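Below are the chains, spelled out letter by letter.
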Amino acid sequence: MKKLLSALLFGLTLTSIFFASCNKDNFDYAAWEREQLEKQRIQDSINKKRVEEQFPIIKKYVADNQLQNVLYIDSLGLAYQLLATGEESSYTYSFNSNGGIIAPDATVKYIGKLVPSGTIFQQTEEGKTATLNLSSVITAWQIAFLPKSISYNGKDIPTGGITPTGLKKGSKIRIITPSPWAYGDTGKQGSSASDVSIPAKSPLDFTIEVVDIKNK
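Overview of the structure. Being a predicted model, the structure only gives us computed values, none of them experimental.

### A few points about the packing of aromatic side chains
Next up, step 1: Counted according to the given criterion, the structure contains seven aromatic pairs.
Next up, step 2: Aromatic side chains Phe55 and Tyr72 sit 5.9 Å apart centroid to centroid with 70° between the ring planes, which places their arrangement in the edge-to-face category. Of this pair, Phe55 sits in helix α2 (residues 29-64) while Tyr72 sits in strand β1 (residues 71-73), and the two are 17 residues apart along the sequence.
Next up, step 3: Members of the aromatic cluster, each reached through a chain of ring pairs, are Tyr110, Phe121, Trp141, Phe145 and Phe206.
Next up, step 4: Over the ring of Phe55 we find Lys59; its NZ or CZ atom is 4.4 Å from the centre of that ring.
Next up, step 5: A cation over a ring is seen here: Lys59 above Tyr72, with NZ or CZ 5.7 Å from the ring centre.

### Some points on the pattern of salt bridges
Next up, step 1: According to the stated counting rule, one finds nine salt bridges in the structure shown.
Next up, step 2: Residue Arg50 pairs with Asp185 through a salt bridge whose shortest N-O separation is 2.9 Å. Separated by 135 residues along the polypeptide, Arg50 in helix α2 and Asp185 in the loop between β8 (172-177) and β9 (204-214) bring together distant segments of the chain.
Next up, step 3: For Arg50, a relative accessible area of 10% puts it in the buried group.
Next up, step 4: Glu88 is paired through a salt bridge with Lys168; the nearest N and O atoms lie 3.4 Å apart. Of this pair, Glu88 sits in the loop between β2 (78-84) and β3 (105-114) while Lys168 sits in the loop between β7 (155-158) and β8, and the two are 80 residues apart along the sequence.
Next up, step 5: Lys168 gets classed as buried once you look at its relative accessible area, which sits at 4%.
Next up, step 6: One network of salt bridges, in which partners are shared, links Arg50, Glu53 and Asp185.

Reading guide: rules and limits
- Residues numbered from 1 in each chain as written.
- Predicted model: local features only at pLDDT ≥ 70, side-chain atom pairs only at ≥ 80, totals over all residues.
- Heavy atoms only, no water.
- Phe/Tyr/Trp six-rings, centres within 6.5 Å; stacked < 30°, edge-to-face > 60°.
- Helix = DSSP H or I, 4+ residues; strand = E, 2+ residues; numbered from the N terminus.
- Lys NZ or Arg CZ within 6 Å of the ring centre and 35° of its normal.
- Salt bridge = Lys/Arg side-chain N within 4 Å of Asp/Glu carboxyl O.
- Buried < 20%, exposed > 50% of the residue type's maximum accessible area, 1.4 Å probe, protein only.

Right under this line is the structure:
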């Protein structure tokens, strides 16, 4: 089962780890669960602090760059502009038979910048695209791509997304995220000589254009 938004949907993470761990003899699930919940409590506290620290930086960045029609998600500490809605009928987000969100492959053009400097740390090359599976990207991208809810067995199930229908073919979004939904307190080293390293605790600014989206 492919699981998205693991940082937000902790129960899914618990389940996946449990199935990997319960093969051990004399596994104490109750003790393990208490340990995992305590770790998550600590991480949630750190995330909350980072959001409180970085949300004002993001708001100032928006103002300094005179960005228009920006929407804010206070609970997540992020800002976004939906620049193009895309083709409504090009893709439908859904669940698989096990109740997990099916993670599509998205072919995109994108640019990533550091906040507040605006330094480009990574982007697709001119005239080229990148294809990524939604299960393997950072939480901020998952939040950007997923719709607010997906219909399942006649019910609308919240997913953590920020737009009503999610990103489709032809969609374009700019999302400015605090570090908990990006690379957290560790940051990320540049993957090539042309990439700039992402500092720890860094808010990021992504512009994502969806060229195509489909299931494998």
